[in-house]
Amino acid sequence: MQRVGMLRPNEILEDREGVLHIDGVSALELAERFDTPLYVMSERRIRNNYRRVYETFSKRYRKVKVYYSAKANTNLSILKILEEEGSCLDAVSPGEVFLALKAGFKPERILYTGTSVRDDELRFLSESGVTINVDSLSQLRRLLKISTPETISVRVNPEVGAGHHEHVVTAGRESKFGIWEEKVVEAYRTALEAGVKHFGIQMHIGSGILSVEPFTVATENLLKIANRVHEEVGIGFEFIDLGGGLGVPYKPEEEELNLDLLAEKVTALYRERVEQYGLGEPTLCVEPGRYIVCDAGVLLTRVNTVKVTPFKRFVGVDAGFNTLIRPAMYGSYHPVVVANRLNEPGEETYTIVGPICESGDILAKDRMLPRIQEGDLIAVLNAGAYGYSMSSQYNSRPRCAEVLVMDGEYALIRERETLHSLLEGQHYPPWLK
Ligand code: PLP
């Protein structure tokens, strides 16, 4: 497969006579057929990413479960693909549970990790039969008033966090997530006394982590806490969940996460500690979101304007931070190519901006690209995670469509919203009628 410009080799991206193809489908044809902005997701890449994670861990430890973290991309077809693969699912809202059940996940394959959870949500979760991973003592007590689940898991703050941006570090001193060690014992004791029979323990330290060390440090801490609970409360664990956060390189200079090394180090440590602490053989769980869907997704966006100011060369496209918020929200870098000029050399430095009325509406800053003309098609790569799922109707722009490609075939998996979508659920008060 030919390399696409400066990109790393990727099994789904291909340069065919200067035109980007995604798993055998022309980006130009997709844009023509479905209009832009358009998210294009590759089924093959999603399946392969899932299998890579599952196989890399499960060949090193007998009992492994991968929980796809749905927040990265909750399109029903994507959930269905992962359900077919045998994945479990990490949900963080009743909406994600609802969608996962609709996509065919059985409740016993869903772990709910919420924060600041309402009572009616706890009731919904109890009735759904999913396993609940509690984030606070208050949540646990409120849950136990509603029902006594067979199984409960506790999200622990392992005191170390990591991530590509401070907003996505989800453990450590500044974090709102999880229960600190001194309260963890009380949480399990409370659950045991209420009649809970089976237990899990979980952490999630952050997102977009490209090195192995934060995972091993946090795993060590989590297992120490699990041991303390085991000794002081006298319970064992059905599963120990190390969370997600497996990173994907976005910038050309970033190194790929060494998944083999990660699995090797983590499973070795895990095996050693569960044996040392007499914890039996609990299932080892991981919860990747980004790693499964990020590089399976491309955002296609059409060039409306090329505007040259005394200081900048702007390319105005039809996707703004309403469609992909990561650059504006985290200062994230996404690789960008001109999908219809892959065989042309970089000639100018362009800043790619969207149609949103804010100066922060920048998709890509100062990129060396072939000479761009109005009507050209820009492909924003690595857009499959936290892309559509974080999109909005800001500036009253209907959300875009999503397409799934597989081995030369394609299908619309989410319709483009229309202007009428903007009216949905709105009512005038009686005094304005
Ligand atoms: N698990 C939990 C509890 C999370 O909150 C998240 C993301 O925030 C994930 C897993 C997945 O993270 P990532 O997409 O970085 O793998």
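Calculation notes
- Residues numbered from 1 in each chain as written.
- Predicted model: local features only at pLDDT ≥ 70, side-chain atom pairs only at ≥ 80, totals over all residues.
- Heavy atoms only, no water.
- Salt bridge = Lys/Arg side-chain N within 4 Å of Asp/Glu carboxyl O.
- Helix = DSSP H or I, 4+ residues; strand = E, 2+ residues; numbered from the N terminus.
- Buried < 20%, exposed > 50% of the residue type's maximum accessible area, 1.4 Å probe, protein only.
- Expected span 1.5 Å × (residues − 1).
- Phe/Tyr/Trp six-rings, centres within 6.5 Å; stacked < 30°, edge-to-face > 60°.
- Lys NZ or Arg CZ within 6 Å of the ring centre and 35° of its normal.
- 1 Å grid on protein atoms, 1.4 Å probe; cavity = no way out; pocket = protein on both sides within 12 Å on 5 of 7 lines; lining within 4 Å.
- Points joined across faces, edges and corners; volume = space filled by probe spheres on them.
- Nonpolar A, V, L, I, M, F, W, Y, C, P; charged D, E, K, R; others polar.
- Near = heavy atom within 4 Å.
- Polar contact = N/O pair within 3.5 Å; in protein donor to acceptor, adjacent residues only side chain to side chain.
- Areas by Shrake-Rupley, 256 points an atom, 1.4 Å probe, with all protein chains shown as cover.
- Sits in = over half its atoms within 2 Å of the grid points.

A. Spatial organisation of the pattern of salt bridges. All told, the structure shown has 30 salt bridges when counted by the stated rule. D119 is the salt-bridge partner of R142, the closest N and O atoms lying 2.5 Å from each other. On the criterion of sequence distance, the pair formed by R142 in helix α6 (residues 137-146) and D119 in helix α5 (residues 119-128) is long-range, its members being 23 residues apart. We classify D119 as partly exposed; its relative accessible area is 35%. Among the salt bridges present, the one from E272 reaches R273, with a minimum N-O distance of 3.2 Å. Shared partners join several salt bridges into a network, and the residues in it are E43, R47, R51, E84 and E85.

B. Region of interest: helix α2 (residues 43-58). Here α2 is 16 residues long and its end C-alpha atoms lie 22 Å apart, about the 22 Å a rise of 1.5 Å per residue gives. Inspection of α2 places E43, R45, I46, R47, N49, Y50, V53, T56 and F57 among the buried residues, and these make up the whole buried set.

C. Fine view of the packing of aromatic side chains. All told, the structure shown has 7 aromatic pairs when counted by the stated rule. With centroids separated by 5.7 Å and ring planes inclined at 85 degrees, the aromatic side chains of F34 and Y410 adopt a geometry described as edge-to-face. In this pair, F34 is assigned in helix α1 (residues 27-34) and Y410 in strand β20 (residues 409-414), connecting sequence segments 376 residues apart. On the basis of relative accessibility, which here comes to 24%, the residue Y410 falls in the partly exposed class. Where Y188 meets F237, the ring centres are 5.5 Å apart and the plane angle is 85 degrees; that geometry is what we call edge-to-face. Of this pair, Y188 sits in helix α7 (residues 181-194) while F237 sits in the loop between α8 (213-233) and β11 (239-241), and the two are 49 residues apart along the sequence. Pairwise contacts between aromatic rings join Y188, F199 and F237 into one cluster. Seen from the ring of Y333, R367 lies directly overhead, with NZ or CZ sitting 3.7 Å from the centre.

D. Fine view of empty space enclosed by the protein. The final tally for this structure, using the stated rule, is 1 cavity of 30 Å³ or more. There is about 60 Å³ of room inside the largest cavity. Lining the largest cavity, in full, are F57, F215, T219, L242, G243, L246, L262, V266 and V286. Here the residues of the lining of the largest cavity are counted per class, giving 7 nonpolar, 2 polar and no charged.

E. Layout of the site of the ligand. Around the ligand there are 17 residues in total, and S207, G245, E287, R290 and Y386 lie nearest to it. Between the ligand and the protein, one listed contact pairs an oxygen atom with a side-chain N or O atom of S207 at 2.4 Å. A distance of 2.8 Å separates an oxygen atom of the ligand from a polar atom in the backbone of R290. The protein chains hide 93% of the 390 Å² of surface that the ligand would expose on its own. Most atoms of the ligand, that is more than half of them, are within 2 Å of grid points of the second largest pocket. A class-by-class count of the residues in the shell around the ligand yields 3 nonpolar, 9 polar and 5 charged.

F. Quick look at the side chain of N10. Note on placement: N10 falls in the segment before β1 (13-16). Of note is the side chain of N10, whose polar atom sits 2.9 Å from the backbone nitrogen of I12.

G. Summary view of the layout of surface pockets. Put simply, the second largest pocket is a space of about 660 Å³. Along the wall of the second largest pocket there are 29 residues; nearest its centre are K71, T170, F177, H204 and Y386. Its residues assigned to classes, the lining of the second largest pocket comprises 8 nonpolar, 15 polar and 6 charged.

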